[in-house]
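As a plain string of letters, each chain reads:
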Amino acid sequence: MAGDSKTALLAGTAETAGLKRGVPAHVAIIMDGNGRWAARRGLPRAEGHRRGVEAVRRAVRAAIDLGIQYLTVYSFSSENWRRPASEVADLMGLLKLFVRRDLADLHANGVRVRIIGERRGLADDIAALLREAEERTAQNTRLTLVVAFNYGGRQEIVRAVQAMARAVQEGRLSPEAIDLGTVAAALDTQGIPDPDLVIRTSGEQRVSNFLTWQTAYSEFVFIQDLWPDFDHAAFAAAVGEYQSRERRFGGLTAQAG
Ligand code: IPE
Ligand code: IPE
Ligand code: MG
């Protein structure tokens, strides 16, 4: 019958064309290239970082606009302490400025802030600002902005292993009961779904100790733009590239995220 063949035709089309992916629920970004952006203009690296903060604001707006639920930004790695003290101070200053200037706006726009990374050893004023950002926005649901600060994926796993070892020692956990869920729940990203898409700017094609556990099945998109140039169009293009990918998670057919 006509109706049946039409249904069959549509089903066949969907199968042969493959599933059109939806919007990624979680996008994580390695924001790289601030220094090169500045160097190309004969400006100090600090100016590149300052312009990088503006790109973060654009990325948050774009994420909301695109319907993304979780946006993680890598803002300072455990290894970035190796940079000259003056640059580390610039980056710390910019984080403080960002929280002080943008928290009210983020809150008004329904953004929930989560911070991942090592808190111990941070200056008291920074630790207090991070706590304030999380507490004030805890009830928001439009977008979760995860800021990876003083963050290293391997260091995060070490802290999780220490927490689990303590639980075993205190009799709260048995080694046989440890599974994928136990480890995931011991990480800083507890309760946050794994990234569907990881974007790295500036042309570098490496992970640099970012979300080591969580990116086991993420799609990676590497783009040439330097971070201060990243805009809505670049974000939408990366999402479009993600949507053209087939995710199989070890199976033989495309799977939903
Ligand atoms: C990214 O830009 C910001 C941080 C890593 C803190 P970079 O500072 O790494 O810029 P490049 O890679 O030197 O150009
Ligand atoms: C990764 O960028 C860290 C952040 C974006 C915060 P880096 O510039 O530190 O990475 P490498 O040193 O080039 O791998
Ligand atoms: Mg870099």
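From a predicted model like this one, the values you see are computed outputs, not experimental measurements.

Q: Looking at this model, I keep getting lost on the overall build of the protein chain. Mind explaining?
A: Across its full length, the protein chain carries eight helices and six strands. If you list the helices and strands of the protein chain from N to C, you get α-β-α-α-β-α-β-α-β-α-α-β-β-α. Expressed as lengths along the three principal axes of its C-alpha atoms, the size of the protein chain is roughly 75 × 60 × 35 Å. Restricting the contact set of the protein chain to residue pairs at least 6 apart, pairs at least 24 apart contribute 77%.

Q: What is the right way to look at the packing of helix α3 (residues 45-66) against helix α4 (residues 85-108) in this model?
A: What describes two packed helices is the angle between their axes and the distance between those same axes. Relative orientation of the contacting elements α3 and α4 amounts to 30 degrees, with a least axis distance of 10 Å. As summarised for this structure, α3 and α4 are arranged roughly parallel, according to the angle between their axes. Crossing of α3 over α4 shows right-handed handedness. Across from Arg45, Ala46, His49, Arg50, Val53, Val56, Arg57 and Val60 in α3, the residues of α4 making contact are Glu87, Asp90, Leu91, Leu94, Phe98, Asp102 and Leu106. Here the contact of α3 with α4 is built from residues that sort into eight nonpolar, one polar and six charged.

Q: I keep staring at the site of ligand 1 and nothing clicks. Help me out?
A: Near ligand 1, the surroundings consist of 13 residues, among which Met31, Asp32, Gly35, Arg36 and Arg83 are the closest. A distance of 2.9 Å separates an oxygen atom of ligand 1 from a polar atom in the backbone of Gly35. Between an oxygen atom of ligand 1 and a side-chain N or O atom of Arg45, the distance comes to 3.0 Å. Counting only elements with at least two residues in the shell around ligand 1, the list comes to α2 (34-40), α3 and α4. Take the shell around ligand 1: its biggest share by element is three residues, from α2.

Thresholds applied
Residues numbered from 1 in each chain as written. Chains lettered and ligands numbered in written order. Predicted model: local features only at pLDDT ≥ 70, side-chain atom pairs only at ≥ 80, totals over all residues. Heavy atoms only, no water. Helix = DSSP H or I, 4+ residues; strand = E, 2+ residues; numbered from the N terminus. Contact = heavy atoms within 4.5 Å. Axes fitted to C-alpha atoms, helices over the stretch in contact; angles between N-to-C directions. Parallel < 35°, antiparallel > 145°, perpendicular 65-115°, else oblique. Left-handed = near helix turned anticlockwise from the far one by under 90°. Nonpolar A, V, L, I, M, F, W, Y, C, P; charged D, E, K, R; others polar. Near = heavy atom within 4 Å. Polar contact = N/O pair within 3.5 Å; in protein donor to acceptor, adjacent residues only side chain to side chain.

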